[in-house]
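# Observations on the three-dimensional arrangement
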Amino acid sequence: MDGNDQTCPKCKTTKYRNPAMILMVNACGHALCESCVELLFAKGSGACPECKCALRRQNFRIQLFEDPAVDKEVDIRKRILKEFNKRQEDFSTLREYNDYLEEVENIIFNLVFDVDSTNTNKMIDNYKKENKDITMKNRNRQSQEEIELEELLEAEKAQQSEKANSYVNAELEEKKQKHKAREKLIDELMFSDADAKSIVASHVQATAALAKEQPKAAAQAGGPVVKSSKFSSGIQIGLRQNTSSFLPIPKQQDLPLFHYSAPVFDYNGPSPPAIEVLGKLKYFANIRAANATERAGGYTEALSCCRALQEAMGGLFYIPQSGHKTAVAASAEETDDMETA
Amino acid sequence: MLELKHALDAKGHCLLEMPSGTGKTTTLLSLIVAYMKAHPLDLTKLVYCSRTVPEIEKVMEEFRKLMNYYEKEMGMEQNILGLALSSRKNLCIHPSVSKEREGKVVDGRCYGLTASFVRARHAGDDAVPVCNFYEGFDAHGKEFPLPPGVYNLDDLKEYGQAKGWCPYFLARYTITHANIVVYSYHYLLDPKIAEVVSKEISKTSVVVFDEAHNIDNVCIDSMSVKITKRLMDKCSNSIQILETTISNMKENDNRRLEKEYQRLVEGLRDANIARETDMALVNPVLPSEILEEAVPGTIRTAEHFVAFLKRVVEYIKTRLRVQHVVQESPAGFLRDIHIKVCIDRKPLRFTAERFSSLIRTLEISDLTDFSPLVTVSHFATLVSTYTKGFTIIIEPFEDRAPTVSNPILYFSCLDSSIAIKPVFNRFQTVVITSGTLSPLDMYPKILDFHPVIMTSFTMTLARPCILPMIVSKGNDQVAMSSRYETREDTAVIRNYGNLLVEVAAAVPDGIVCFFTSYLYLETIVSSWYDQGIIDQLQRHKLLFIETQDAAETSLALINYIKACDNGRGAVLLSVARGKVSEGIDFDHHLGRAVLMFGIPYVYTQSRILRARLEYLRDQFQIRENDFLTFDAMRHAAQCLGRCMRGKTDYGIMILADKRFSRADKRSKLPKWIQEHLKDTNCNLSTEECVQISKRWLRQMAQPFSREDQLGISLLTLEQLQSEEMQKKIHQRAQAA
């Protein structure tokens, strides 16, 4: 029943006899089975056995619909709509837009039924020339409706996954709680000296209170759980934007500007010479010069020399009476600072 | 009555649960009529919706009694007009059309005789047949309104015969100025019909939905569409017919197509639509801002529209060719149809309207051929209008027979509030009432409205005339349950059988048993047969079984009633949610005991149900289990309520499942049953149950006269006016 009556017009195979048969159609809208296509179009091109129009093998597609004419129409339609893609926004009135739509429909109709094809083709060409830029522009732009649909789908998807998770969690949580309450009751009954009846009564009360709370919690959870596909500012999460509106510029916050001031170090000793003048003061005479590989890594002998000097001179004026602990902390801090400096 | 008046005063909606047989209809009618008389400006009309034709007739009888009483007490003719409305099938008096049995055929033939173009043709050519009754009505009926009084369906027919007017159109015309209208749910809930019939009912009306425990399902059904492979094949055929008709018309009489085209270009709404007889094809609900828009250019001319339809049909066919189950949202469907066959959402939305316009233009008088296309056009319009609350499920085969290819596309409404929303919005008071509405708080949630009053009433009874019991175990202490794990267990099946046999031995006259499904009924009966239980049962009573075939079932019912009437006694095995459980009363000796074997849960594996549960959970925070239990318990309550149809009636109600005694199930029974369900009767074995029922039956079998009820459940006028009673009433009113 389901498409079993489909027959290849050339070899007369039916879907019933050969379930693997696949019908193909080409631009003329006549069907052929796959093996016939291979046989007849072995050279890559040939004539349609029914209407004798020239066809290329590449253009054969699997027949999607029961009626090959619909396949042909959809094919033409897709081609035409690629060019004729004006939107309602491009017209000043709805009436004009509707007239345009009908015009398009007429063209498609003419092509499908081969009515007045020369004129129609001329019209298409004219249109192509005239409206090149609008066509190009619209090709990259989705219509309002499509955007709406996409948004809906996205929101649905997000909602679904989010909800599913939250409910599974909620149910698990509830089960756990019930289990806990039951265990607690049994424990109490086992170990407490109070009257069993009162324990049971209080337990019943507690569960009732919990049950009352739960729907509220569920309702609350139900509210914010909906993960929207938008930020709170109303901007869509994701790439696509409403073409009409720009991204709002993030508002700047008025914090006090940053001012640089050189760090002041308290060496608690004589100040060491600056790193730039070490060479002049001939400090390098006594240390190993950095080799080529070290220099490539950014190391110079000045760095270690400067560091050694700072360490040597720092804390020379230190007097131990002023409290042992703080001094240690202070010196630790100093070395830290020096490293960063 | 007090609650009802509160609701009327507040102009809000209310939800009332009243046990059946306690004068629900009379109460509603008498108060609303009195209110109408007292405040003629605040309340102009009562629309009473019921389910079936017999129920409608019953309401009309009550109303007639009330009017007679008014006349007797007030001593003059009352200026109130009440009438019942039903389909053409029930109201037609045309000599040949009324002989037809099927409703659709009657509608189609009526349309063929009364459509405006047929009549126009008749004016030119006498050979074209028309309906004389409609002509008579059209010529004179509108000037002379129906005189005040009560008209049920037969009265309308008689009146129509006498005057030579068509009763159907007379009734439809009269609806606008009648005070009381009684008709079926669908005239108000089904958007396809509501627009036509109930459009002109004013806002200051009261709408009563009686027997409304299934109202959510009615709402859902009215918005859902089911498309099968066969339907699509028929669609292809009728498209071909359309094509040939259009080309014929183009050759012979292009003028009409041109005219239609011009009208569509102008964006005018169909002027014809006001013509009452052309309403055979109507729109599903569309937001009015869309209706005001012009039909999009892509489907303006007839050929383009037919090609468009063809594409839609072919597209749906390809979808039906799937090998696995598909579930998607309307948005996904719309995107796919756009990619595959380049159909935008907007023309799709206009499909139904454009189609009906085309049919009118082509002057096709036989509509029965086109019903598949009508379905498809409705589907197209609905799917493109509603993106929320609907789902599309395509099943390539049935779950029970995975090898047989039988593709079906379900376009299923998940949100019952969509269909009923216009009703709540439009009318100032909507009363939803039934014998079994528990748990009450579920209905406002699933129908999405805010009732001002929500009450469950109990009965004041002179004696305990119902005996609900929960039987949880057999004599051998094996727990009884229809749980999936234990339903094949022979011990459980035997215990069910023994329970039935022992009850049958103890209870006189009729016993009705309800099973959870046809499948379960059949397996149980076959194993009872093997175990010899059927033989034992037949020693006491005759046995009748409900089947899925309606004719067979009604035959079984007739014989069951016969057996009960002549005292032989009978057992009827039927299915919850089946025909017997809805709308057939087993009053007095027809049902002295009701047995409910198992909890009637729905078939939970159904994908439509799954989708709906999910939607309810996401949208209304109703948990799946809560809804399933609610649904099961309302059906159980509905089954139990079958045996109790009035204060003089009495009956045993046995709930044979261990799970019924749990608090979550028990608390969902209606209050009037819960009241009689004592804690001691909640966990009985078969023998205990039989003992209790024997004692109770002996008590009930004592003569029971009107005097016994006086002062308790029945008051004379003197008693009512006594000071003590007045005080009591006053107190109650103050407390409420």
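Residues numbered from 1 in each chain as written. Chains lettered and ligands numbered in written order. Predicted model: local features only at pLDDT ≥ 70, side-chain atom pairs only at ≥ 80, totals over all residues. Heavy atoms only, no water.

Per an unreviewed UniProt entry, the recorded name for chain B is General transcription and DNA repair factor IIH helicase subunit XPD, and the organism is Daphnia pulex. Here is the UniProt Subcellular location (unreviewed entry) comment for chain B, exactly as written: "Nucleus". (UniProt positions renumbered as here; feature names shortened; annotations may be inferred.)

If you check an unreviewed UniProt entry, chain A appears there as CDK-activating kinase assembly factor MAT1 from Daphnia pulex. Under the heading Subcellular location (unreviewed entry), UniProt records this for chain A: "Nucleus".

### Here we look at the overall build of chain A
Scanning chain A from terminus to terminus reveals ten helices and five strands. Across the 341 residues in chain A, those meeting the buried criterion constitute 25%. Contacts in chain A between residues far apart in sequence, at least 24 positions, make up 52% of those at least 6 positions apart. Entry remark: accessible area of chain A is about 24,400 Å², with carbon and sulfur atoms responsible for 56%. (Helix = DSSP H or I, 4+ residues; strand = E, 2+ residues; numbered from the N terminus. Buried < 20%, exposed > 50% of the residue type's maximum accessible area, 1.4 Å probe, protein only. Contact = heavy atoms within 4.5 Å. Areas by Shrake-Rupley, 256 points an atom, 1.4 Å probe, with all protein chains shown as cover.)

### What about the overall build of chain B?
On a plain count of helices and strands, chain B comes out with 34 helices and 19 strands. Whereas a compact globule of 736 residues would reach a radius of gyration of roughly 27 Å, chain B reaches 28 Å, a difference of no more than 12%. Reported as C-alpha extents along the three principal axes, the dimensions of chain B are approximately 85 × 70 × 45 Å. Contacts in chain B between residues at least 24 apart in sequence constitute 80% of all its contacts with a sequence separation of at least 6. Of the roughly 30,700 Å² that chain B leaves accessible, carbon and sulfur atoms contribute 51%. (Rg over C-alpha atoms; globule rule 2.2 N^0.38 Å.)

### Some points on the UniProt feature "domain: RING-type" (unreviewed entry) in chain A
Mapped onto this structure's residue numbering, the UniProt feature "domain: RING-type" (unreviewed entry) falls at residues 8-52 of chain A. With 16% helix and 20% strand, residues 8-52 of chain A has end C-alpha atoms that lie 16 Å from one another.

### Examining the interface of chain B and chain A
If you look at the interface, chain B gives 42 residues, while chain A gives 37 residues. Summed over both partners, the interface of chain B with chain A buries about 3,700 Å², with 54% contributed by carbon and sulfur atoms. Note that Glu73(A) is salt-bridged to Arg311(B), the shortest N-O span being 3.3 Å. Looking at the side of chain B that touches chain A, the elements that each hand over two or more residues are α14 (254-266), α16 (302-320), α17 (330-341), α18 (345-349) and α27 (607-620) of chain B. Per-element tally for the side of chain B that touches chain A: the top contributor is α16(B), with nine residues. (Buried area = accessible area lost by both parts, 1.4 Å probe. Salt bridge = Lys/Arg side-chain N within 4 Å of Asp/Glu carboxyl O.)

### Examining the domain arrangement of chain B
All names here are of chain B. Assigned domains within chain B: domain 1 (21-211), domain 2 (223-416), domain 3 (466-704) and domain 4 (705-735). Domain 1 and domain 3 are separated by 38 Å when their C-alpha centres are compared. Taken together, the contact pairs five residues of domain 1 with seven residues of domain 3. Of the roughly 360 Å² buried where domain 1 meets domain 3, counting both sides, 35% is carbon and sulfur surface. For the interface between domain 1 and domain 3, the tally reads one salt bridge. (Domains from an automatic or database assignment.)

### Considerations on the side chain of Glu55(B)
All names here are of chain B. Residue position: glutamate 55 is located in helix α3 (residues 53-74). Within the structure, the side chain of glutamate 55 is placed 3.4 Å from the side chain of serine 50, a separation counted as a polar contact. Setting aside chain neighbours within four positions, we find glutamate 55 in contact with Ser50 and Glu211. (Polar contact = N/O pair within 3.5 Å; in protein donor to acceptor, adjacent residues only side chain to side chain.)

### Some words on the pattern of salt bridges
All names here are of chain B. Summed over all chains, the structure comprises 48 salt bridges over all chains. Close ionic contact of glutamate 328 with arginine 319 constitutes a salt bridge, the shortest N to O distance being 2.9 Å. Sharing partners across several salt bridges, the network here consists of Asp216, Arg577, Arg612, Asp631 and Arg634.

### Some thoughts on a positive patch on the surface
A surface patch of positive charge is lined by Lys678(B), Lys694(B), Arg695(B) and Arg698(B). Tracing the backbone shows Arg698(B) in helix α31 (residues 686-700). (Patch = residues over 30% accessible without salt bridge, like charges linked within 9 Å, V, L, I, M, F, W, Y side chains within 5 Å. Lys, Arg positive; Asp, Glu negative; His and termini not counted. Charge placed at Lys NZ, Arg CZ, Asp CG, Glu CD.)

### A closer look at the packing of helix α2 (residues 68-83) of chain A against helix α3 (residues 94-112) of chain A
The geometry of a pair of packed helices is captured by two quantities: the angle between their axes and the separation between those axes. Residues and elements named next belong to chain A. Taken N-terminus to C-terminus, the directions of α2 and α3 make an angle of 135 degrees; their axes are 10 Å apart at the nearest point. Our classification of the angle between α2 and α3 gives oblique. Read as a crossing pair, α2 and α3 show a hand that is right-handed. Contacts between α2 and α3 involve Lys72, Glu73, Ile76, Arg77, Arg79, Ile80 and Leu81 on the former and, on the latter, Val104, Glu105, Ile107, Ile108, Leu111 and Val112. (Axes fitted to C-alpha atoms, helices over the stretch in contact; angles between N-to-C directions. Parallel < 35°, antiparallel > 145°, perpendicular 65-115°, else oblique. Left-handed = near helix turned anticlockwise from the far one by under 90°.)

### So, the pairing of strand β9 (residues 390-397) of chain B
Residues and elements named next belong to chain B. A large share of β9 lies buried, amounting to seven of its eight residues. As judged from the three bridges shared by strand β8 (residues 326-328) and β9, these two strands associate in the antiparallel manner. Each residue of the ladder has a partner; that of glutamate 328, found in β9, is isoleucine 392. Looking at chain direction, β9 and strand β10 (residues 405-413) are connected through seven bridges and run antiparallel. Bridging from a neighbouring strand, isoleucine 393 pairs with tyrosine 410 of β10. (Pairing = 2+ DSSP bridges.)

### Points about the packing of α3(A) against α16(B)
Packing of α3(A) against α16(B) leaves a shortest axis separation of 11 Å and a crossing angle of 75 degrees. What the angle tells us is that α3(A) and α16(B) run roughly perpendicular. Listed contacts from α16(B) to Glu102(A), Glu105(A), Asn106(A) and Phe109(A) of α3(A) are Glu303(B), His304(B), Ala307(B) and Arg311(B). Of the residues in the contact of α3(A) with α16(B), the class split is two nonpolar, two polar and four charged. (Nonpolar A, V, L, I, M, F, W, Y, C, P; charged D, E, K, R; others polar.)

### Section: the sheet that holds strand β13 (residues 466-473) of chain B
Picture the strands of a sheet paired through backbone hydrogen bonds; they go either parallel or antiparallel. All names here are of chain B. Reading across the sheet, the seven strands line up as β15-β16-β14-β17-β18-β13-β19 and stay open at both edges, with parallel pairing between neighbours. A strand with exactly one partner marks an edge of an open sheet, and here the two such strands are β15 (542-545) and β19 (684-685). Sheet contacts for helix α24 (residues 518-531): β14 (510-515), β15, β16 (570-575) and β17 (593-597); angle to β16, the most-contacted strand, approximately 140 degrees.

### Thoughts on a nonpolar patch on the surface
All names here are of chain B. Among the surface-exposed residues, Leu715, Leu717, Leu720 and Ile729 lie close enough to one another that they form a single nonpolar patch of about 330 Å² accessible area. Within the fold, leucine 715 resides in the loop between α32 (706-709) and α33 (717-721). When its relative accessible area of 34% is taken as the criterion, leucine 715 is described as partly exposed.

### Details of the pairing of strand β7 (residues 225-228) of chain B
All names here are of chain B. Where burial is concerned, the two faces of β7 differ: the one with Val225 and Ile227 is buried and the one with Lys226 and Thr228 is not. Inspection of the sheet shows β7 paired to β10 by four bridges, in the antiparallel sense. Bridging across to β10, threonine 228 finds its partner in isoleucine 408.

### Points about the confidence of the model for chain B
Residues and elements named next belong to chain B. Mean pLDDT for chain B: 85, with 96% of residues reaching 70 or above. In this model, residues 270-284 is a region of pLDDT below 50 whose contacts with residues beyond four sequence positions or in other chains number 46 contacts. The complex prediction reports pTM at 0.77, with the ipTM value standing at 0.73. (pLDDT = per-residue confidence, 0-100.)

### Thoughts on the sheet that holds strand β5 (residues 61-62) of chain A
Residue and element names in this part refer to chain A. Taken in spatial order, the three strands line up as β2-β1-β5 in an open sheet, and their pairing is antiparallel. With partners counted over all chains shown, the strands left at the sheet margins are β2 (31-33) and β5, one partner each. Two strands pair when backbone bridges link them, and strand β1 (residues 23-25) and β2 are joined in this way by three bridges, in the antiparallel orientation. Bridge pairing in β2 links leucine 23 to cysteine 33.

### Overview of α3(B)
In an α-helix, one turn spans 3.6 residues, which is why side chains three or four residues apart end up on the same side. Residue and element names in this part refer to chain B. Taking 1.5 Å per residue as the helical rise, α3 with its 22 residues ought to reach 32 Å, and the 31 Å between its terminal C-alpha atoms agrees with that figure. Along α3, the positions that sit buried rather than exposed are Glu55, Ile56, Val59, Met60, Phe63, Leu66, Met67 and Tyr70. Take α3 and look down its axis: the buried residues cluster within an arc of 140 degrees, on one side only. Projecting away from the buried face of α3 at angles above 90 degrees are the exposed residues Pro54, Lys58, Lys65 and Lys72. Those residues of α3 that are buried lie in contact with α2 (24-38), β2 (45-50), β3 (81-84), β4 (149-151) and β5 (180-184). Where α3 terminates, the next one or two residues include glycine 75, which has phi positive at roughly 75 degrees. (Expected span 1.5 Å × (residues − 1). Arc of directions from axis to C-beta.)

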